[in-house]
Structure formats: structure tokens, C-alpha cells
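The residues making up each chain are set out below.
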Amino acid sequence: MLTSELAEQYFSQVPQTPFNGKTPPPIVIDQFHFLEDGVGFIGKSREHLYVLDLATRKTDILTPGSFNESLPAWSGDSKNIAFVSKRGQQSDRNNNWDLYAIAAQSLPELLRHRA
């Protein structure tokens, strides 16, 4: 059911006046989970885990890709980070969150150790 609050949120995101004298482009929806309360259309952005080098203030992504990662927690020996993620085809159509672990080092370091 479309509530008045949700409708107001939707229509507040749709430009009411044409920009540059043209009709705005349509909002293309190609995923099941496309709208969040208080956020609006979520698009293709995802939540990932990063490692921060305090000396250089440089960040490296630990979990690139098209999935959201959530609830990170350090292992007892501080060498790994556990997190939950929904992976697989059409992961936005289920509520199956699985537990993953990754080494708490930068991705270039991970790739160097695997070679």
C-alpha cells in the first residue's frame, strides 16, 4: 500500500521542472530492492569494508563488488574481520545473510600473498 508519506518521498525526488529545457531521464529500476525508507531510491551504491592506514590516511577496499557488507567484527587475534553479506543471484529478493571472514589487510596485500 502506498502511504501518503511514501508517495511524498517519491515525488520529492522526481524533478518537477525540466532541467535544461528537457524532460528528466526516467528512473530505471532493475532490482527488487530499489527503495529504502528515509533514503529514497538506492541505485547501485553498496556498503563495503575498508582498511585505513593511519600513517598515510589511505584507504583500501577489502570487499569490492556488487554486494552489501554489514556488522563487521574483529577476530580475537585482530588478524581477521568477520562480517555478514547477502551474496548470490537476486540476493535482494531474500533475507539470507551469511557470515564471511577476510584478512584485515589491504587488498593489494591479499593479492600479493595469493600470487
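Here the residue numbers are simple positions, counted from 1 along each chain's written sequence. Reporting in this predicted model follows two pLDDT cut-offs: at least 70 for local features of residues, and 80 or more for side-chain atom pairs to be given and counted; totals over whole chains, interfaces and linings ignore these cut-offs and use all residues. The basis for every side-chain value is the complete set of non-hydrogen atoms in the structure, without hydrogens or water.

Draft legend 1. The arrangement of the overall build of the chain in detail. Numbered from the N terminus, helices here are DSSP runs of H or I no shorter than four residues, and strands are runs of E no shorter than two. Helices and strands together make up the secondary structure of the chain, namely 2 helices and 7 strands. Relative accessibility decides the category of a residue: with a 1.4 Å probe and only protein chains considered, values under 20% of the type maximum give buried, values over 50% give exposed, and everything between is partly exposed. Looking at the chain as a whole, 17% of its 115 residues qualify as buried. Sequence separation of at least 24 residues holds for 26% of the intrachain contacts in the chain that already meet a minimum separation of 6. Working rule for contacts: check all heavy atoms of both residues, and any pair within 4.5 Å makes them a contact.

Draft legend 2. Here's a closer look at the pattern of salt bridges. Salt bridge, as used here, is a side-chain nitrogen of Lys or Arg placed within 4 Å of a carboxyl oxygen of Asp or Glu. This model, assessed by the stated rule, comprises 2 salt bridges. Its salt-bridge partner being Asp60, residue Lys58 comes within 3.1 Å of it at the nearest N-O pair. For Lys58, a relative accessible area of 48% corresponds to the partly exposed category. Given a relative accessible area of 17%, Asp60 falls into the buried group. Here Arg87 makes a salt bridge to Glu69, at a shortest N to O gap of 2.8 Å. Taken together, the positions of Arg87 in the loop between strand E6 (80-85) and strand E7 (98-103) and Glu69 in strand E5 (residues 69-74) put the pair 18 residues apart, joining distant regions of the chain. Relative accessible area serves as the criterion here: at 32%, Arg87 is assigned to the partly exposed category.

Draft legend 3. Expanded view of the packing of aromatic side chains. Centres within 6.5 Å are what make two rings of Phe, Tyr or Trp a pair, Trp counting through its six-membered ring; a difference in plane orientation under 30 degrees is then read as stacked, over 60 as edge-to-face, and the rest as tilted. Enumeration over the complete set of coordinates arrives at 1 aromatic pair. Considering the side-chain rings of Phe83 and Tyr100, the 5.8 Å spacing of their centres and the 20° angle between planes classify their relative orientation as stacked. Taken together, the positions of Phe83 in strand E6 and Tyr100 in strand E7 put the pair 17 residues apart, joining distant regions of the chain. Against the face of Tyr100 rests Arg87, its NZ or CZ located 4.7 Å from the ring centre. In this analysis the charged atom, NZ for Lys or CZ for Arg, is taken to sit over a ring once it is within 6 Å of the ring centre and within 35 degrees of the ring normal.

Draft legend 4. Inspection of the nonpolar core at higher detail. Working definition of a nonpolar core: buried Ala, Val, Leu, Ile, Met, Phe, Trp, Tyr and Cys residues. They are joined through side-chain atoms within 4.5 Å. Within the largest apolar cluster, 5 residues are counted, these being Leu49, Leu62, Ile81, Phe83 and Ile102. In contact with Ile81, other than residues within four places in its own chain, are Leu49, Leu62, Pro72, Ala73, Trp74, Tyr100, Ala101, Ile102 and Ala104.

Draft legend 5. Expanded view of the sheet that holds E5. Spatially, the 3 strands line up as an open sheet ordered E5-E6-E7, and their pairing is antiparallel. Either end of the sheet is taken by a strand with one partner, and the two such strands are E5 and E7. Taken pair by pair, the neighbouring strands of this sheet meet at an average axis angle of 25°, ignoring direction. Two elements, E6 and E7, share 6 bridges in a ladder whose sense is antiparallel. Across the sheet, residue Ala82 finds its bridge partner in E7, namely Ala101. Only strands joined by at least two bridges in the DSSP assignment are considered to pair. To get an axis, a line is fitted to the C-alpha atoms, and for a helix only the part in contact is used. The angle between two axes follows their N-to-C directions and goes from 0 to 180 degrees.

Just geometry here; none of it tells us what the structure is for.
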